[in-house]
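If you want the building blocks of each chain, they are given just below.
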Amino acid sequence: MTEKVFISEVLGPDSDVDNNKLVVTSKATVQPVALMRLNVFVPSSRPAKGQQTAIDASSVFKDLEYSRREGYDDIRITGERLSMAVDFKVWVGIIEAFSKYGLNTNSVKLTFHEFAGMCRFESKRFDSRLRKSISDALTRIRGKTITFTRSGTDGPKKVSVTGLLKTGELDFEQDQVELEADHRLWELYQTDYTVLLRYKPINALTRKEAAQALYTFIESLPTNPVPISFKRIRDRLSLLSPVKEQNRIIKLALTQLQEIGYLEHSITKKGKETFVLIHRRSANLKSGNES
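Residues numbered from 1 in each chain as written. Predicted model: local features only at pLDDT ≥ 70, side-chain atom pairs only at ≥ 80, totals over all residues. Heavy atoms only, no water.

S.K.: If you had to explain the sheet that holds strand β15 (residues 273-281) to someone new, which residues and values would you point to?
M.R.: Spatial strand order, β13-β15-β14: 3 strands in an open sheet with antiparallel pairing. Across the chains shown, the open sheet's two edge strands, defined by having one partner strand only, are β13 (228-229) and β14 (263-270). Relative to β15, β13 is paired through 2 bridges, and the arrangement is antiparallel. Counterpart to Ile228 in the pairing with β15 is Val276. Helix-sheet contacts for helix α10 (residues 243-259) involve β14 and β15, and the interaxial angle to β14 is about 150 degrees. (Pairing = 2+ DSSP bridges. Helix = DSSP H or I, 4+ residues; strand = E, 2+ residues; numbered from the N terminus. Contact = heavy atoms within 4.5 Å. Axes fitted to C-alpha atoms, helices over the stretch in contact; angles between N-to-C directions.)

S.K.: Please set out the nonpolar core residue by residue, giving values where relevant.
M.R.: Judged by nonpolar contacts, the single largest core of 85 residues is most densely connected at Phe61, Val90, Trp91, Ile94, Ile134 and Leu179. Sorting elements by how many residues they give to this core places helix α4 (residues 87-101) first, with 8 residues. Contacts of Ile134, omitting those with residues within four sequence positions, involve Val90, Phe112, Phe115, Ala116, Phe121 and Leu170. (Core = buried A, V, L, I, M, F, W, Y, C linked by side-chain atoms within 4.5 Å. Buried < 20%, exposed > 50% of the residue type's maximum accessible area, 1.4 Å probe, protein only.)

S.K.: Explain the layout of surface pockets residue by residue, including any values.
M.R.: Reported here for the largest pocket is a volume of approximately 510 Å³. Considering the residues around the largest pocket, the lining is formed by 19 residues, among which Lys89, Arg120, Asn203, Thr206 and Gln212 are closest to the centre. Contributions of two or more residues to the lining of the largest pocket are made by α4, α7 (199-204) and α8 (209-219). Of the residues belonging to the lining of the largest pocket, the class tally is 8 nonpolar, 3 polar and 8 charged. (1 Å grid on protein atoms, 1.4 Å probe; cavity = no way out; pocket = protein on both sides within 12 Å on 5 of 7 lines; lining within 4 Å. Points joined across faces, edges and corners; volume = space filled by probe spheres on them. Nonpolar A, V, L, I, M, F, W, Y, C, P; charged D, E, K, R; others polar.)

S.K.: Go over the sheet that holds strand β8 (residues 145-152), please, and point to the residues and values.
M.R.: In spatial order, the strands read β4-β5-β8-β9; together these 4 strands make up an open sheet with antiparallel pairing. Bordering the open sheet on either side are β4 (53-56) and β9 (155-163), each of which pairs with just one other strand. Ignoring which end each strand starts from, the neighbouring axes of this sheet average 25 degrees apart.

S.K.: An account of the pattern of salt bridges is requested, with residue identities and associated values reported.
M.R.: Applying the stated rule across the entire model yields 18 salt bridges. We note a salt bridge from Asp87 to Arg140, for which the minimum N-O separation is 2.8 Å. Note that Asp87 is positioned in helix α4 and Arg140 in helix α6 (residues 128-142), a separation of 53 residues in sequence. Owing to a relative accessible area of 22%, Arg140 belongs among the partly exposed residues under this scheme. (Salt bridge = Lys/Arg side-chain N within 4 Å of Asp/Glu carboxyl O.)

S.K.: Give me the packing of α4 against α6: which residues, what numbers.
M.R.: Where α4 meets α6, the closest approach of the two axes is 9 Å, and the angle between their N-to-C directions is 80 degrees. When the interaxial angle is binned, α4 and α6 end up roughly perpendicular. Counting all contacts with α4, which are made through Asp87, Val90, Trp91 and Ile94, the residues of α6 involved are Ile134, Ala137, Leu138, Arg140 and Ile141. Tallied by class, the residues present in the contact of α4 with α6 amount to 7 nonpolar, no polar and 2 charged. (Parallel < 35°, antiparallel > 145°, perpendicular 65-115°, else oblique.)

S.K.: Break down the environment of Gly71 for me, citing the residues and quoting the values.
M.R.: Structurally, Gly71 can be placed in the loop between α3 (65-70) and β5 (74-79). Of the residues examined, Gly71 reaches a relative accessible area of 31% and is grouped as partly exposed. Between the alpha carbons of Gly71 and Phe148 there is a distance of 9.3 Å; along the sequence they are 77 residues apart.

S.K.: I'd love a proper account of the packing of aromatic side chains, names of residues and values included.
M.R.: What characterises a pair of aromatic rings is the spacing of the ring centres plus the angle enclosed by the ring planes. The full count for this structure, using the stated rule, is 10 aromatic pairs. Taken together, a centroid distance of 6.4 Å and an interplanar angle of 85 degrees make the contact between Phe112 and Phe172 edge-to-face. Taken together, the residues span a long stretch of sequence, with Phe112 in helix α5 (residues 112-118) and Phe172 in the loop between β10 (167-171) and β11 (176-180) at a distance of 60 residues. Grouping residues by exposure puts Phe112 and Phe172 together as buried. Among the aromatic residues, those joined into a cluster by ring pairs are Phe61, Tyr66, Tyr72 and Phe148. Cation over ring: Lys270 sits above Phe275, and NZ or CZ is 5.5 Å from the ring centre. (Phe/Tyr/Trp six-rings, centres within 6.5 Å; stacked < 30°, edge-to-face > 60°. Lys NZ or Arg CZ within 6 Å of the ring centre and 35° of its normal.)

S.K.: Tell me about the pairing of strand β7 (residues 107-111), residues and numbers included.
M.R.: Residues Val108 and Leu110 of β7 are buried on one face, while the alternating residues Ser107, Lys109 and Thr111, pointing to the opposite face, are not. As paired elements, β7 and β11 share 5 bridges and run antiparallel to each other. From the neighbouring strand, Thr111 faces β11, where its bridge partner is Gln176.

Structure representation (structure tokens):
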């Protein structure tokens, strides 16, 4: 392994979120609603080597002040799939690093050990394999590109390219991590655009990535959401299996969410489409589950 890994260019993290309303703590992370509703972080799978994904984020990004000011009407997120197993953990670490150190700057430095702890990796795993895993995850996150386009009658009029991390540097000799965010997208981390995600359901669903991803999606929805179609959930989970198998995985994930005490739901059909009705949800879970 090289002693220093440098990853360059794209969006990132957050600062403390609007006074004391939503704050990163040891029990919860603050996440942009847009990223939880879109299929950015998804269950692990085995896509074809080099396969890239493309997400139409126009509906959730066009209302940003940055998009409105510049007239961007077509916003796409492209890049390699990001997993719940590793990439989302590293993203949570990025969020916490900026929450703690990025109040007055879009560039932060901290030790690798502190950053790995923020990613919720166990200290006994702080070895060369974990360093490689985190550097690979930062590379994937860095490579998740967000393209803002202002359309015209005869083609694009203006294009702006950024992403989920502007720069990331791991210096293993100095045991240091340096992260830089794109300040233009920090609006995503204002209270109106964020959701508090508690770690308790995620911890209770270890190695159950579909259920973890579904939890992040459901938490981003309004209170008492309208019935959610299986098609909408399939789009969010972005599974690569046949539709019948995807539906089975969704039902299993819903059952797992109900078993840990997070969700009470029922399933109904209207015509050929299946819908989930959410009757109750609570990130506090029921007694006996991991905190």
